[in-house]
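Structure assessment
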Amino acid sequence: MDLSKLQHIYFLGIGGIGMSALARYFVAKGIKVSGYDKTETPLTNQLQNEGIKIHFEDNINLLDEDIDIVIYTPAIPSTHKEFLFFKDNNFTILKRSEVLGLITQNSIGIGIAGTHGKTTISTMTSHLLKQSDIDCSAFLGGISKNYQSNLLLSAKSEYVVIEADEFDRSFLKLEPQIAAISSIDADHLDIYGDKNELKKSFEDYIRKLKPNGILIYKKGLDLKIPENIRSFTYSLQQGSDFYADNIRIEDSAYVFDFYSENQNIKDIKMLYPGLHNIENACLAIAIALLCGVKQDEIKEAILSFQGVNRRFDVRIKSEKITYIDDYAHHPEELKACITSVRALYADKKITGIFQPHLFSRTRDFANEFAKSLELLDVVVLLDIYPARELPIEGITSEMLLGKIKNKEKYLLDKSEILNFIDEKSPEVLLTLGAGDIDQLVGLIENKFGI
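On a predicted model such as this, the values are computed, not experimentally measured, just so you know.

About the thresholds
Residues numbered from 1 in each chain as written. Predicted model: local features only at pLDDT ≥ 70, side-chain atom pairs only at ≥ 80, totals over all residues. Heavy atoms only, no water. Buried < 20%, exposed > 50% of the residue type's maximum accessible area, 1.4 Å probe, protein only. Helix = DSSP H or I, 4+ residues; strand = E, 2+ residues; numbered from the N terminus. Pairing = 2+ DSSP bridges. Axes fitted to C-alpha atoms, helices over the stretch in contact; angles between N-to-C directions. Contact = heavy atoms within 4.5 Å. Parallel < 35°, antiparallel > 145°, perpendicular 65-115°, else oblique. Left-handed = near helix turned anticlockwise from the far one by under 90°. Salt bridge = Lys/Arg side-chain N within 4 Å of Asp/Glu carboxyl O. Polar contact = N/O pair within 3.5 Å; in protein donor to acceptor, adjacent residues only side chain to side chain. Phe/Tyr/Trp six-rings, centres within 6.5 Å; stacked < 30°, edge-to-face > 60°. Expected span 1.5 Å × (residues − 1).

As a further point, take the pairing of strand E9 (residues 159–163). Within a regular strand, the side chains alternate between the two sheet faces. Among the five residues of E9, five are classified as buried, and the element is accordingly described as predominantly covered. Of the two faces of E9, the one holding Tyr159, Val161 and Glu163 and the one holding Val160 and Ile162 are both buried throughout. Examined bridge by bridge, strand E6 (residues 108–113) and E9 share five bridges and lie parallel to one another. Along E9, the bridge assignment pairs glycine 109 with valine 160.

This is how it looks when you write it as structure tokens:
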């Protein structure tokens, strides 16, 4: 399919972070874009301001008549009226991942995969390339704070950084030149059934590499690597092909040395917080070096990297309160975030507000969630955000709260949070989760005059 000849593309679920990047890409190419989403959000408002027609009612009477193809997200239910209309009337209907595969098939694709960390790593890798002579385009799963967008475009570079999503096996539609894997912890068991099937999918992803492609993966991951694939490892430990050492904090910033077989970079300074983000930086730096980015360009880019919205996102830092917002929605992500906050604010009382995401994930990892949340001093749970799922009997936030051993633990409605903050005056406050908990961010900032 020649995407450049399309005149009107319709997006089902246009407000999703990955879908909106694609929509922006086609608008930049001069193609008419319209779409549907369930909920109006700041992101859909931005898309409308950029000239995209969006409606928020599942109603076929609101559709234009000149639609060429439909791009949809797997989050759209199969009973959706518009989806059924397009299917029954023989429209060309493609998943987002299929379109990404078409866009990038003639590019030098850099696919960043992993059950955790891929958004930060993708954004950091893009920034390193963008701030060098190499340059790149990028489709990101979050809003880069450096560029205030989830889409980066380049008129001169063949490199395209793609966040390779394992959900619904979407990343198997890609054929990258460089494939990176940060983690394969059990997740999306509603799709895969068990961790072994998830692992097989990542191994299938490795086999999607183009001829002479390169794999970079975190040392210690239990993956079968085909003998004909050139591969490297990275970590925070010596013994990897790429690693960081001599890690220290100077003037409230991390400083570290980067080592590889051929190149060492001393005294890299990173203002973006979180020890886990140094490991993320190791992978991004490794990819940048393989693409030909110079050492001085890497040091400058790491220093100027501002991060991603909702990824260890420091929203308020004052004498009264430090407030951090994070997308963490898996036990390992919670553990990494809370541990990093604890390292930075060892003498402070840390309060976390967590919104579990999906009934199935809460069921599958209830004990692990409880252990990670126990790293907080004060735990606040919101009701489970259902996303695409129907309730599961017995799986509630109240059930999860019962497993948490902290003395200070609460189950609250979002409407009660501001009063809770008034009463408890937290020193360090975290909002955590992948649902609509982000709606609290602006309210909390307004409360403190931000």
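After presenting the structure, the write-up continues.
Spatial ordering of the open sheet is given by E3-E2-E1-E4-E5, a layout of five strands whose pairing is parallel. Each edge of the open sheet is held by one strand with a lone partner, namely strand E3 (53–55) and strand E5 (92–95). Here the strands of the sheet are splayed against their neighbours by 20 degrees on average, with no regard to which way each runs. Where strand E1 (residues 8–12) lies against strand E4 (residues 69–72), four bridges are found, and the strand directions are parallel. Considered in E4, the bridge of tyrosine 10 is made with valine 70. Of the strands in this sheet, E1, strand E2 (32–36) and E4 are in contact with helix H1 (residues 17–28), which crosses E1 at around 170 degrees.

Okay, the packing of helix H14 (residues 417–424) against helix H15 (residues 439–447) next. The geometry of H14 relative to H15 is characterised by a closest axis approach of 10 Å and an angle of 40 degrees between their N-to-C directions. Taken together, the axes of H14 and H15 are oblique relative to one another. Here the hand of the crossing between H14 and H15 comes out right-handed. For the pair formed by H14 and H15, the contact residues are Ile417, Leu418, Ile421 and Asp422 on the first element and Leu440, Leu443, Ile444 and Lys447 on the second.

Should the charged atoms of two oppositely charged side chains come close, the side chains can pair. Evaluated as defined, the whole model comprises 24 salt bridges. The residue lysine 32 makes a salt bridge to aspartate 64 at a minimum N-O spacing of 3.7 Å. Taken together, the residues lysine 32 in strand E2 and aspartate 64 in the loop between E3 and E4 connect sequence positions 32 residues apart. Residues participating in the shared-partner salt-bridge network are Lys32, Lys53, Asp64 and Asp66.

Another aspect to go through is the side chain of histidine 330. Locating histidine 330 in the fold gives a position in the loop between strand E17 (322–326) and helix H10 (331–344). Polar side-chain contacts of histidine 330 include one of 3.1 Å to the backbone nitrogen of glutamate 332.

Glancing now at the sheet that holds strand E21 (residues 428–432). One open sheet accounts for six strands, arranged E16-E17-E21-E18-E19-E20; its pairing is mixed. Every other strand in the sheet has two partners, leaving strand E16 (313–317) and strand E20 (409–411) as the edge strands with one partner each. On average, adjacent strands in this sheet sit at an angle of 15 degrees to one another, irrespective of strand direction. Here E17 runs beside E21; their pairing, made up of five bridges, is parallel. Bridging from a neighbouring strand, aspartate 326 pairs with leucine 432 of E21. Running over the sheet, H10 touches E17, strand E18 (350–354) and E21 and is turned about 165 degrees from E21.

A separate point is the packing of aromatic side chains. Under the criterion given, the structure shown has 16 aromatic pairs. Measuring from centroid to centroid gives 6.0 Å for phenylalanine 85 and phenylalanine 91, while their planes differ by 45 degrees, and the two rings are tilted. Phenylalanine 85 sits in the partly exposed class, given a relative accessible area of 28%. Judged by relative accessible area, which is 26%, phenylalanine 91 ranks as partly exposed.

Our focus in this paragraph is unusual backbone geometry. We note that glutamine 148 has phi near 50 degrees; this positive angle belongs to a residue other than glycine. Here glutamine 148 shows up in the loop between strand E7 (137–144) and strand E8 (149–152). Judged by its relative accessible area of 51%, glutamine 148 falls in the exposed class. Even without being a glycine, phenylalanine 312 presents a positive backbone phi close to 45 degrees.

End to end, H10 covers 20 Å across 14 residues, agreeing with the expected 20 Å (1.5 Å per residue, within 8%). All buried positions along H10 are accounted for by Pro331, Glu333, Leu334, Cys337, Ile338, Ser340 and Val341. Contacts made by the buried residues of H10 are with helix H8 (275–290), E17, E18, helix H12 (366–373) and E21.

What follows concerns the environment of glycine 111. Here glycine 111 lies in strand E6. As for glycine 111 and isoleucine 178, which are separated by 67 residues in sequence, their C-alpha atoms are 6.3 Å apart. In this view, glycine 111 contacts Ile162, Ala164, Pro176, Ile178, Ala179, Ala180 and Tyr205; residues no more than four positions away in its chain are not counted.

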